[in-house]
Amino acid sequence: MKSKLRLGIIGAGSVVREIYQYLYFRSDYSPLLEICAVADPNEAYRDWFGDLAGLPPARRFADYQTLLAQVELDAVQVNTPDHLHCAPTLAALQAGLDVVVPKPTAATLKDCHAMIQAAQQTGRFLGVDFHKRDDPRIKEAEARFQSGRYGTFQAAVFYMVDRLCIANPNHSPRFFASPDFAEKNTPASFLTVHMADALMKIINLVPVQVRALGYAHKLPALEPIAVRGYDLVDTEVLFHTGAVAHIITGWAIPDTAWANTVQSGRLICSDGLIDLALDMPGLREIHADGIFEVNPLFKNFEKDGRVTGYGISGPGRLYRQILDLRNQRMSEADQRESRSPLVLGFHTALVLEAAEKSLAAGQRLDSGATLGTTIDLRQLVVAELGAAAARDYGYT
Ligand SMILES: NC(=O)c1ccc[n+]([C@@H]2O[C@H](COP(=O)([O-])OP(=O)(O)OC[C@H]3O[C@@H](n4cnc5c(N)ncnc54)[C@H](O)[C@@H]3O)[C@@H](O)[C@H]2O)c1
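Please read all numbers here as calculations on a predicted model, not as lab measurements.

Here we take up the overall build of the protein chain. Across its full length, the protein chain holds 14 helices and 18 strands. What you see for the protein chain is a C-alpha radius of gyration of 21 Å, in line with the 21 Å of a compact globule of 396 residues. Overall size of the protein chain, expressed as C-alpha extent along the three principal axes, is 55 × 55 × 40 Å. Across the 396 residues that make up the protein chain, the buried fraction comes to 46%.

All right, on to the packing of helix α6 (residues 136-146) against helix α9 (residues 187-203) then. It is the contact of α6 with α9, at a shortest axis distance of 8 Å, that shows an interaxial angle of 30°. Considering the angle they form, α6 stands roughly parallel to α9. Two secondary-structure elements touch here, α6 through Ile138, Ala141, Glu142 and Phe145 and α9 through Ala198, Lys201, Ile202 and Ile203. Residue classes in the contact of α6 with α9 are distributed as six nonpolar, no polar and two charged.

Time to look at the site of the ligand. Every one of the 25 residues lining the ligand counts as a neighbour, but Gly11, Gly13, Ser14, Ala177 and Ser178 are closest to it. When residues are assigned to domains, the shell around the ligand turns out to be shared by domain 1 (5-132 + 305-329) and domain 2 (136-297 + 347-392), each giving three or more.

Summarising burial for strand β1 (residues 5-10): five of the six residues are buried, a large majority. For the crossover from β1 across helix α1 (residues 14-26) to strand β2 (residues 33-39), the handedness is right-handed. Alignment of β1 against strand β4 (residues 75-78), held across four bridges, turns out to be parallel. Paired with Leu7 across the bridge in β4 is Ala75.

The next thing to look at is the domain arrangement of the protein chain. Here the protein chain is partitioned into domain 1 (5-132 + 305-329) and domain 2 (136-297 + 347-392). The centre of domain 1, based on its C-alpha atoms, is set 25 Å off from the matching centre of domain 2. With four residues, helix α5 (residues 109-122) is the largest single contributor of residues to the side of domain 1 that touches domain 2.

What follows concerns the environment of Gly148. With respect to the element layout, Gly148 can be found in the loop between α6 and β7 (153-163). In this structure the C-alpha to C-alpha distance between Gly148 and Asp271, which are 123 residues apart in sequence, comes to 9.1 Å.

Let us now look at the sheet that holds β4. Spatial ordering of the open sheet is given by β3-β2-β1-β4-β5-β6, a layout of six strands whose pairing is parallel. With partners counted over all chains shown, the strands left at the sheet margins are β3 (60-61) and β6 (126-129), one partner each. Taken together, the four bridges between strand β5 (residues 98-102) and β6 define a ladder with parallel strand orientation. Bridge pairing links Val101 to Val128 in β6. Docked against the sheet, helix α4 (residues 86-94) engages β1, β4, β5 and β6, running at close to 160° with respect to β5. Strand contacts of helix α10 (residues 310-326): β1, β2, β4, β5 and β6, with the helix running at about 170° to β6, the strand carrying the most contacts.

Turning next to α10. Taking 1.5 Å of rise per residue, the 17 residues of α10 would be expected to cover 24 Å, and the 24 Å separating its terminal C-alpha atoms lies within 8% of that figure. Taken as a whole, α10 has its buried residues at Tyr310, Gly311, Ile312, Gly314, Pro315, Gly316, Leu318, Tyr319, Ile322 and Leu323. Downstream of α10 by one or two residues, Gln328 has phi in the positive range, about 55°.

A separate point is the sheet that holds β7. Pairing in this open sheet of eight strands is mixed, and the strands run β12-β11-β7-β10-β9-β8-β18-β17 from one edge to the other. Across the chains shown, the open sheet's two edge strands, defined by having one partner strand only, are β12 (272-275) and β17 (363-364). Relative to strand β10 (residues 244-253), β7 runs parallel, the two sharing eight bridges. Directly across from Ala155, in β10, lies its bridge partner Val244.

A separate point is the environment of Thr186. Among the secondary structure elements, Thr186 is positioned in the loop between α8 (181-184) and α9. On the basis of neighbour counts, which here come to 23 C-beta atoms within 10 Å, the residue Thr186 falls in the buried class. In this structure the C-alpha to C-alpha distance between Thr186 and Ala156, which are 30 residues apart in sequence, comes to 21 Å. Residues within four places of Thr186 in sequence aside, it is in contact with Gly229, Tyr230, Val233 and Glu356.

Okay, α5 next. With 14 residues, α5 extends 20 Å between its outermost C-alpha atoms, agreeing within 8% with the 20 Å of an ideal straight helix rising 1.5 Å per residue. Along α5, the residues classified as buried are Leu109, Asp111, Cys112, His113, Met115, Ile116, Ala118 and Ala119. Residues of α5 that are buried in the fold lie against α4, β6, α12 (346-360), α13 (377-385) and α14 (387-392). Residue Gly123 follows α5 closely and has a positive phi angle near 75°.

Another point: unusual backbone geometry. Cis rather than trans, the peptide bond between Lys103 and Pro104 has omega equal to -15°. Positionally, Pro104 belongs in the loop between β5 and α5. The residue Ala277 is not glycine, and still its phi comes out positive at about 45°. Residue class for Ala277 comes out exposed when judged on the 11 C-beta atoms lying within 10 Å of it. In this model, Gln328 sits at a positive phi of 55°, which is unusual for a non-glycine residue. Along the chain, the position of Gln328 falls in the loop between α10 and α11 (332-338).

Conventions adopted
Residues numbered from 1 in each chain as written. Predicted model: local features only at pLDDT ≥ 70, side-chain atom pairs only at ≥ 80, totals over all residues. Helix = DSSP H or I, 4+ residues; strand = E, 2+ residues; numbered from the N terminus. Rg over C-alpha atoms; globule rule 2.2 N^0.38 Å. Buried ≥ 20, exposed ≤ 12 C-beta atoms within 10 Å, placed from the backbone. Axes fitted to C-alpha atoms, helices over the stretch in contact; angles between N-to-C directions. Parallel < 35°, antiparallel > 145°, perpendicular 65-115°, else oblique. Contact = placed C-beta atoms within 7 Å. Nonpolar A, V, L, I, M, F, W, Y, C, P; charged D, E, K, R; others polar. Near = placed C-beta within 6 Å. Domains from an automatic or database assignment. Right-handed = clockwise from strand over helix to strand, strands pointing away. Pairing = 2+ DSSP bridges. Expected span 1.5 Å × (residues − 1).

This is the structure we're talking about:
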């Protein structure tokens, strides 16, 4: 019986600094993981991580292909930017490894579909770390909503806005390892996907139409490096029942905000309302540096040095599933469920691609606002993946 997974890390940028270093080295899941190698073309980040993991120079690679060819592994975690999730994932699954990626599954529907298909065809495990699925407030809301307590879902407003220092490449230290991250990504890809996934987990409905509004005031005015991108995006998602959600996300609120991410959400139903109160995680700090909302539910730095919280247990659970699969302890039904489109974030990738297409085809006003067009999701799935695949995903 296997008790440890030999793990290779592909990409060691900000998400590893912010979250996964604690999962790998200071969590209840660390004993399950043996970090064997890292691949990252950025030498500084590769060596930061290599030193942290105690890896010899021969286990530090500039590209993932050499890592996969030279190191005996059970699994890899692909922490590259969204548009680079697909290729390393396919290569690893086809080499017989299991894979974990941070959200979103991929930047495009085509990539997401290819990843789901590869997991299904190889029979290997693919897990997407949507850590909000492990937030006790989201789980409780899901159970209560699905018990029928609130009646029929009608409308929701969610918001998630980051401090400007996250997207601002002029800020020191820079948040992202990739200098063009804020330009290659949008609030929709970095943040909307969290909320869209959490909402769809609660209400369990199929999205059918998306329209986005974008606002570009701060980012293009940054100096000396300007960012061609949106400060804020409002994504309107219509579900097949006619219910609607507005998911408002951005990364340009002042750095004086009480946390890196300011967020919450409300759902209004025929017989009740759910207020997620995500911004009241329980610890408010008045300190010489300022006033902060500390979120120990997400990352709880305990006094013995361990780090717990849903930011850690979300991905940790995926590694337990991999271990179960490798020890023949995962039932066929659980394996099928783990490879289902909802679990693998298909609908979330669909909302993301539709929001970006909506803005790309939208009308840009002199005010800095862009009025996106309406995107029919069935038509989008058919255009991107063909009618047969669209039917398989429930878009008939
Ligand atoms: N930063 C966060 O807090 C956070 C939270 C949740 C999810 N995510 C997700 O994590 C992923 C990575 O984001 P990030 O914030 O760490 O970005 P980042 O730009 O800080 O880091 C990405 C790293 O991947 C490396 N990389 C690029 N191409 C590579 C390749 N071919 N092989 C190996 N490494 C390669 C880069 O050099 C860089 O070090 C994204 O999908 C993002 O949405 C990030």
